[in-house]
Amino acid sequence: MSSVLTTTSVPDQDRVAYWNDAVNRTLVPVAVTPHGDGLFDARIATNRLGYLQVSSMEADAEHVSRTPALIARSSEALVAVGVQISGTATFIQDGRRAEVGEGDLVVCDRSRPYSFDYPQRFATHVFQLPRRMLGVPDSDLREVTGHAIGTRHGFGAVLLPFLASLAASPDAYPPAVADRLAGHVVDLFATLITERAHPSGTEAEDTARSHLLLRVRDHINRHLGDPDLSPESIARAHRISTRYLHRLFEGEGTTVGRLIQKRRLEECGRELARRGRTAPTVSAVAQRWGFVNPAHFSRVFRAVYGVSPREWRDLRTPQDGIAPSPAGRPALSSALAGRPGADLAPARG
């Protein structure tokens, strides 16, 4: 359902204060100062498209700034993509100054200071979303802020008519369609940012992807014992979307959930096979490596190794001073690699 706020029926002396409050409540806390002393007129219409907020704003000449003090009042990191429909603007962020004309796009990181100056009446569409949903490295985002992105060629030329059409009727979609459409829009924004951040090709992008994969794998190894380890928690820890995390693993021959379970089972298998006077209990080992349900642990362990955890431990733990024969069972690594269903059970314990 569309929300429309306008100064039309507001007393003349209250319009500036009303507009400041309207923009602050609809978008993020900012300071809005009109140019000149005449009667100020402005309007903003806002809709939701899943987690994507779509706003269309029209106002007289004004200056908009977001300072560190105003940023501190926000509870969530947000990113906005603006489409200049009419008028011009000067956009400043991260030490860069961009002159924005009709049809240009801008990417604005709401978590860092910025300003917009509109010297005459203007209209703009603003697409605002949580930073965590964007799924691009912070370094890429910083590369594109403070720039005007032209739409006469390149990916911007494809994106502009789609965004204009979406802003014209954002409430025309049922909730299920709106959620899926929001995901597609955010993927397009991520593509735009990547294209602008790496204009010379994909080599830098591939390097960044490889480094991120290494960090994700290291995070998984360090948190295997946490029963709440999941694709969602990993994505939050790395400030990327869950969708982008899954995309990172598309060429890895496994999924995030399967990798978590595989690594947990490997550590459980190693610990259960440890020789010593005091053999660890199966339930203690399972809990230590993130499995909270003993029955589930036994089931997935048997699916991978072909024996129960207790049998695996007994085959590898000396009993009555006699060590088990190495030929009795395959080694842990070969047992894991040799079973086609090794990665099929869910990651949660």
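Rules used in this analysis
Residues numbered from 1 in each chain as written. Predicted model: local features only at pLDDT ≥ 70, side-chain atom pairs only at ≥ 80, totals over all residues. Heavy atoms only, no water. Helix = DSSP H or I, 4+ residues; strand = E, 2+ residues; numbered from the N terminus. Contact = heavy atoms within 4.5 Å. Areas by Shrake-Rupley, 256 points an atom, 1.4 Å probe, with all protein chains shown as cover. Pairing = 2+ DSSP bridges. Axes fitted to C-alpha atoms, helices over the stretch in contact; angles between N-to-C directions. pLDDT = per-residue confidence, 0-100. Expected span 1.5 Å × (residues − 1). Buried < 20%, exposed > 50% of the residue type's maximum accessible area, 1.4 Å probe, protein only. Salt bridge = Lys/Arg side-chain N within 4 Å of Asp/Glu carboxyl O.

Right, let's talk about the overall build of the protein for a bit. The helix and strand inventory of the protein stands at 13 helices and eleven strands. When contacts within the protein are restricted to residue pairs at least 6 apart in sequence, long-range pairs at least 24 apart make up 71% of them. Element-wise, carbon and sulfur atoms account for 53% of the exposed surface of the protein, whose accessible area totals about 17,200 Å².

With that out of the way, let us pick up the sheet that holds strand S7 (residues 89–93). In space, the five strands of this open sheet follow the order S2-S5-S10-S7-S8, with antiparallel pairing throughout. Each having just a single partner strand, strand S2 (31–34) and strand S8 (96–100) make up the two edges of the open sheet. For this sheet, the mean inter-axis angle between neighbouring strands, taken without regard to orientation, is 15°. Bridge count for S7 against strand S10 (residues 114–118) is four bridges, and the pairing is antiparallel. Within the sheet, the bridge partner assigned to Gln93 lies in S10 and is Tyr114. Across the sheet, helix H1 (residues 15–26) lies against S2 and strand S5 (62–66), angled at about 145° from S2, the strand it touches most.

Averaged over the protein, the pLDDT score is 85; the fraction of residues at 70 or greater is 86%. A low-confidence stretch, residues 319–348 (pLDDT under 50), is modelled with 52 contacts involving residues beyond four sequence positions or located in other chains.

For helix H5 (residues 175–197), which comprises 23 residues, the first-to-last C-alpha distance of 33 Å matches the rise-based estimate of 33 Å (1.5 Å per residue) to within 8%. Three or more residues of H5 are buried, namely Ala178, Leu181, Ala182, Gly183, Val185, Val186, Phe189, Ala190, Leu192, Ile193, Thr194 and Ala197.

The strand order S1-S3-S4-S11-S6-S9 describes an open sheet built from six strands, whose pairing is antiparallel. At either end of the open sheet lies a strand with only one pairing partner, and these are strand S1 (3–6) and strand S9 (105–109). Ignoring strand direction, the axes of neighbouring strands in this sheet form an average angle of 20°. Across eight bridges, the pairing between strand S3 (residues 42–49) and strand S4 (residues 52–59) is antiparallel. Each residue of the ladder has a partner; that of Leu49, found in S4, is Leu52.

Following the criterion strictly, the structure yields 19 salt bridges and no others. Measuring nitrogen to oxygen at the nearest pair gives 2.7 Å for the salt bridge that ties Asp21 to Arg25. With Asp21 and Arg25 both in helix H1, this residue pair falls four residues apart, about one helical turn. For Asp21, a relative accessible area of 37% gives the class partly exposed. For Glu252, the salt bridge is made with Arg217, and the minimal N-O distance between the two is 3.2 Å. Placement of the pair is Glu252 in the loop between helix H8 (242–248) and helix H9 (256–272) and Arg217 in helix H6 (residues 203–222), with a sequence separation of 35 residues. Connected through salt bridges with shared partners, the residues Asp41, Glu58, Asp60 and Arg121 form a single ionic network.

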